[in-house]
Amino acid sequence: MKLSVPDSSKRWLGLSLAAGSAGAGLWLAWHYPWQPGLACLLWLMVAVLGFVRWQALPLLIPGLVPVLGFAPWTGWITFEELDLLVLAVAAGGYAALALGAKRGVELAPAWQRPLAWSGLSKLLLTLFCASLLLAIWRGVEQAGGWQFGWWQGYHEPMNSLRQGKSLWLVLLLLPLWRAAGASEPAAVQRWFGLAMLLALGGASLAALWERLAYTGLLNFSSDYRSTALFWEMHVGGAALDGCLALGLPFALLWVLRERRPWAFAAALGLLLLAGYAALTTFSRGVYLALPLGAGVCLLLLARQRRAAQLPAASRPAARRGLGLAVLLAFGLAAWPLFQAGGYRTLLALAGSALLMIFMPPLRLQQTRGQQLIVLLLALLAAALAAALSWLLALAVPKSAYVIDALVVLGGLWLAWWLRAGLPRHLSACLMAAAWFWSLACVAVVAGNWGGEQALQEALLPVLGLALGWAGLQLLPGTAAQLLAELPWRARSLLWTACLMLFAVVAALAGGAYIGDRMATGQRDLEGRFEHWRLARSLLDTPQEWLLGKGVGRFASNFLFVGPAAEQVGDYRLVESAQPPHLLLTSGKHVLGWGELFRVSQRIAAPRGELLLTLKLRSAGDVNLHLEVCEKHLLYNAECVVKGLPLQSQGGGWQTLQASLGQAPALGGRWWAPRFVVFSVALGSPASAVQIAELRLRDAAEPALLANSDFSRGMAHWFFSSDRHHLPWHIKSLGLHLLFEQGLLGLALGVSLVAAALWRCSFGHASAHGLAPAVVGALTGFLIVGLFDSLVDAPRIAFLFYAVLLLGLGLRSTRAPLLPSMK
């Protein structure tokens, strides 16, 4: 890389942006709540990496969004790790461009560059930015005027900056994206597509860990909705839902275009992982958004291939019909089989489905009678083998599962071996017998789990599958022959779809919670309509309808102007007083376990007796709620709980000591750890307490709490409202924009989204490789946004604006598309 002094206004501007980003980034890093010196060192290392890898790193930032949120540990909510990352990469990237990094790189011709924003897009984006800037200013003014603070909450001026910063962070990266595309046109598709896959994988893996640690992977009955690592859901919201909606179409595109077997298997695994994460959100919006977003993506991909005149797969309509028929058959069988034998039986059925889908063509070309004899012999052999399997299962505990696994593996080996060739009648008989035997093992597994009654209940669906498949073999021009001739990628996709279907069956039949969610849909929608009516009523004047109340002001307006019964708790850090202390209030609503407003800190797993020392005061008598729980964000597991009545005693400071009791074994298992959290809350409605110190110790550790006297502000402290969520969100993306930016901002926001959708569906970007995924992602996000605000979570707003602005700037190049799946 040859560097030089800037010799143009653009390069000097780049150097200024680099210096500004470096100054802001190092300033934030120096004030990081945990090890600021180390934070500065890491920041500098990322900046150097951004300098060296300026073509890739700016496009990869969205991939780290789901895992870059440490607020439950640091206490930072206005600023966060994503801000540090963007500033570091921007500082390094702009420095590289300003010092001549592009001079040694051959730039692509203008027509090959994948990013070029039209004049209309620039105009709409400029107007929307002006509207957002005005809304940030109005929000700050409504909160009492500008007052900087590191530890302000959702009702104070800095909240307007917190919620309004995401678009500006994406805008800071846009010139770097464009420069990367100019130097390497494939970089945008490669690195941004990879980033969205990483985002989806990170969110899904975090949800998998959360379920494994707190509920168990197959528990669909408990009232526990996954939040992954999105701390923004500490007062409800749909941050995980939005991330899944934005990421899934990119994973689908990867599956359909990948040719390498190992990468194709990874893509299918990511789809399965994301499907599981989506199921565990128990969000009706996600259940609607993901299929529709994926469907739009598939439609646009098919249109791209037709427009490019790429060779289509043979008999596509027959293939689609066959796939749907296979899914329908296994789905109808899966429901009663799950009722009979639970998850083990579904796993056995998945093995049988794998064997059938990858079965080689049997090529039964004898007379109809000879074909029937072959199938009957196979059925008889399988029945004898199944009877022996059942006897062995009765004699040897757990052997049913081993037998089933061996039969499926043996059948797959036989399918591979038969490709070398055997007499057709013998190969057909052996393969059919293996398939029938694997189905019989499904019933054996059910019987091993639930006894003879379960065995009898499983026989009917198993027999139905066996006879249905045998009947297809006897038909001329059979669908079975078409299935056997499918390429391996199509078969893998079909089996993956079966696995997803089985997961849906397990969630519906194996847990009551998802059924309860569906049953209460009408009631919840009526409640949402009432909430939206209340939110609209907070816009009082024509000016507020036109320009909005300001960014980040809904929660505060609802707190002070909304119904008294819906007013929630709050906190303030009083740093100017001596001693500095936390002012904690409770809501005016009914305070059940989930409705408490908690201030919490994550601690090491305690041992022995827990002793708490408190320094506090109150104007009236209050009930203090103290707890140490295994808890991720909203839902507790094992807990130690203590209620502490507090008398005012004239409003002076009091020092109290309380024993919380003996700590049970907390922290979970080493391979699925659980966080341990100390929380304090008020158990009496409409009350307040001032807390100057909280010291917690156990038998081994004299100080379990960091910053116990609030001398470092709210560092390491974090608040949550576990169940009472409506006062914190409008719960509608459109209404959220209307409330914050008024009709003007709403119209501009709708225009931006419409422009991106049109450009990627029918406009200049319609033939770009990422266009179907961009449209599918935005479609899914908007559907989730029908029932949630989404962009009031800064990290999700960053992801959304990244996809939106990419869609506005994409354009088709002459690079050929990847061939269709054959």
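Here the structure is shown first, and the text comes after it.
Just so you know, these numbers come straight off a predicted model, no measurement behind them. (Residues numbered from 1 in each chain as written. Predicted model: local features only at pLDDT ≥ 70, side-chain atom pairs only at ≥ 80, totals over all residues. Heavy atoms only, no water.)

**Student:** Just to check I follow, could you spell out the pattern of salt bridges for this structure?
**Tutor:** When charged atoms on two side chains of opposite charge get close, those side chains can pair. Enumeration according to the criterion identifies 20 salt bridges in this entry. Between Arg598 and Asp722 there is a salt bridge, with its nearest N and O atoms 3.1 Å apart. Pair noted here: Arg598 is in strand β3 (residues 597-603) and Asp722 is in the loop between β12 (718-721) and α23 (733-761), with a separation of 124 residues, a long-range link. With respect to class, Arg598 is no different from Asp722; both count as buried. (Salt bridge = Lys/Arg side-chain N within 4 Å of Asp/Glu carboxyl O. Helix = DSSP H or I, 4+ residues; strand = E, 2+ residues; numbered from the N terminus. Buried < 20%, exposed > 50% of the residue type's maximum accessible area, 1.4 Å probe, protein only.)

**Student:** Help me out: how do you make sense of the side chain of His768 in this one?
**Tutor:** Summarising the element assignment, His768 is placed in the loop between α23 and α24 (771-784). Here His768 falls in the buried class, since its relative accessible area comes to 5%. In contact with His768, not counting residues within four places along its chain, are Pro114, Gln189, Gln304, Leu810, Arg811 and Ser812. (Contact = heavy atoms within 4.5 Å.)

**Student:** Is there a simple way to explain the environment of Gly323 in this structure?
**Tutor:** By the secondary structure assignment, Gly323 is in helix α13 (residues 316-357). Separated by 70 residues in sequence, Gly323 and Ala393 place their C-alpha atoms 34 Å apart.

**Student:** Would you mind going over empty space enclosed by the protein with me for this structure?
**Tutor:** The rolling of a water-molecule-sized probe over the atoms marks out the regions of remaining empty space. This model, assessed by the stated rule, comprises 5 cavities of 30 Å³ or more. Reported here for the largest cavity is a volume of approximately 210 Å³. For the largest cavity, the lining is made up of 25 residues, of which Arg162, Gln163, Trp728, His729 and Asp792 are closest to its centre. Mapped onto the lining of the largest cavity, the elements with two or more residues apiece are α7 (158-164), α22 (554-561) and α23. Taken together, the residues that form the lining of the largest cavity break down as 12 nonpolar, 8 polar and 5 charged. (1 Å grid on protein atoms, 1.4 Å probe; cavity = no way out; pocket = protein on both sides within 12 Å on 5 of 7 lines; lining within 4 Å. Points joined across faces, edges and corners; volume = space filled by probe spheres on them. Nonpolar A, V, L, I, M, F, W, Y, C, P; charged D, E, K, R; others polar.)

**Student:** How should the sheet that holds β3 be read in this particular structure?
**Tutor:** By way of backbone hydrogen bonds, the strands of a sheet pair with one another, either parallel or antiparallel. An order of β6-β5-β10-β3-β12 is seen for the 5 strands of this open sheet, with the pairing classed as antiparallel. If you trace the sheet from one side to the other, it starts and ends with β6 (636-646) and β12, each paired once. Strand-to-strand, the axes of this sheet are offset by a mean angle of 25°, without reference to chain direction. Note that strand β5 (residues 622-631) and β6 share 9 bridges and pair antiparallel. What sits directly across from His625, in β6, is Gly643. (Pairing = 2+ DSSP bridges. Axes fitted to C-alpha atoms, helices over the stretch in contact; angles between N-to-C directions.)

**Student:** Is there a simple way to think about the environment of Leu430 in this case?
**Tutor:** On the secondary structure map, Leu430 appears in helix α16 (residues 424-474). We classify Leu430 as partly exposed; its relative accessible area is 34%. The spacing of Leu430 and Ala415 is 15 residues in sequence and 9.4 Å in space, taken between C-alpha atoms.

**Student:** When you look at unusual backbone geometry in this model, what are you seeing that I'm missing?
**Tutor:** Most peptide bonds take the trans configuration, and most residues that are not glycine carry a negative phi. With an omega of 0°, the peptide bond between Gln578 and Pro579 qualifies as cis. One non-glycine residue, Gln35, lies in the positive phi region at around 50°. Counting through the fold element by element, Gln35 comes out in the loop between α1 (9-30) and α2 (36-52). You can call Gln35 partly exposed: its relative accessible area is 46%. One non-glycine residue, Lys731, lies in positive phi territory at about 70°. Positionally, Lys731 belongs in the loop between β12 and α23.

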